[in-house]
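# A closer look at the structure
Here is what each chain is made of, one letter per residue.
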Amino acid sequence: MKVIDMHLHLDETVRGESKVALDILSREMIKEGVSKGLLLHLNTQRFHFEDLGRELGQYKNIFGFININPMDKDAGFQLERGVTKLNYKGLKLHPRLNGYRADHPNVKKLFKKAYELGVPTLVDAFPDGDSLLLGFDVSQYGRLALSCPDAPLIVAHFGGHRVIDMMLVAKRVPNIYLNISYTLLYYRDSSITGDVVYAIKSMKGERIFYGSDYPDRELGKTLELTLDVFDKFNLTDDLIEKVLYKNAEKFITDFIK
Ligand SMILES: [Zn+2]
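Only a predicted model underlies this, so the values are computations on that prediction, with no experimental measurement involved. (Residues numbered from 1 in each chain as written. Predicted model: local features only at pLDDT ≥ 70, side-chain atom pairs only at ≥ 80, totals over all residues. Heavy atoms only, no water.)

With that out of the way, let us pick up the packing of aromatic side chains. Evaluated as defined, the whole model comprises twelve aromatic pairs. When the ring of Tyr 182 is compared with that of Tyr 186, the centres are 5.1 Å apart and the planes differ by 25°; the resulting orientation is stacked. The exposure class of Tyr 186 is partly exposed, given its relative accessible area of 43%. Aromatic side chains Phe 209 and Phe 251 sit 5.4 Å apart centroid to centroid with 70° between the ring planes, which places their arrangement in the edge-to-face category. In this pair, Phe 209 is assigned in strand E8 (residues 208–209) and Phe 251 in helix H12 (residues 237–255), connecting sequence segments 42 residues apart. Exposure remark for Phe 209: the relative accessible area of 0% places this residue in the buried category. An aromatic cluster of three or more residues is present, and its members are Phe 126, Tyr 182, Tyr 186 and Tyr 187. (Phe/Tyr/Trp six-rings, centres within 6.5 Å; stacked < 30°, edge-to-face > 60°. Buried < 20%, exposed > 50% of the residue type's maximum accessible area, 1.4 Å probe, protein only. Helix = DSSP H or I, 4+ residues; strand = E, 2+ residues; numbered from the N terminus.)

Below is the structure:
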């Protein structure tokens, strides 16, 4: 079975710099049969974006998005440097960890800049207590996507427990893509996992990617548990193939240079 993982981070607990963590991740992917992976740099991690950005050029199976805080004065410059001088292939936004709302004017500005530079954007959308207190709302993600309607926007974690709302917004906003990372298994044993599978079926599997959220979740174990859930909720082989591989393969062909 072919698998592309559209949500990975580096393991900060490894001893050494980003090169060591990248090697470990790359080996783990090969071992578990994950052919390609989207690595999300985090500006809250100790790995420096310059080092990581240089080293990413050496991995054929890993492509990385640079995490930038749109509230930084030089956010646009950082992005331009990341994608033109370093090896980043896209922009990662983290409203929850960096403390802003997804439709803030600065976020829209940076999202547009990514489009002008020819790279896609991924934005975190898992409403934990912090983001709910910050005013998380699914409509913010829809408005962000609509602010630059030709720019691809991957909404990570499918909106968490707001998955059905996110699905309804995504049906109206064609440049939104989704990934099921973390949410599907975090809410296992609750009704929300069934809702995620319902959303996959309702969207005919279109524009939805698999992701593990490694190292929070192990690559092999996550894949195994995900397939168990898909089986339990009778997801067809056709939809499973789209989510695990086909959609991501097409997205990479279309948008990753
Ligand atoms: Zn993540």
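Another aspect to go through is helix H10 (residues 191–202). Taking 1.5 Å of rise per residue, the twelve residues of H10 would be expected to cover 16 Å, and the 16 Å separating its terminal C-alpha atoms lies within 8% of that figure. What H10 keeps buried is the set Ile 192, Thr 193, Gly 194, Val 196, Val 197, Ala 199 and Ile 200. In this structure, the buried side of H10 is in contact with helix H8 (163–172), helix H9 (183–186), E8, helix H11 (219–232) and H12. Among the residues of H10, the N-terminal cap falls to Ser 190, whose side-chain oxygen and the backbone nitrogen of Ile 192 are separated by 3.0 Å. Where H10 ends, the next residue or the one after it, Lys 204, has phi of about 55°, a positive value. (Expected span 1.5 Å × (residues − 1). Contact = heavy atoms within 4.5 Å. Polar contact = N/O pair within 3.5 Å; in protein donor to acceptor, adjacent residues only side chain to side chain.)

Remember that the coordinates give geometry; whether it matters functionally is a separate question.
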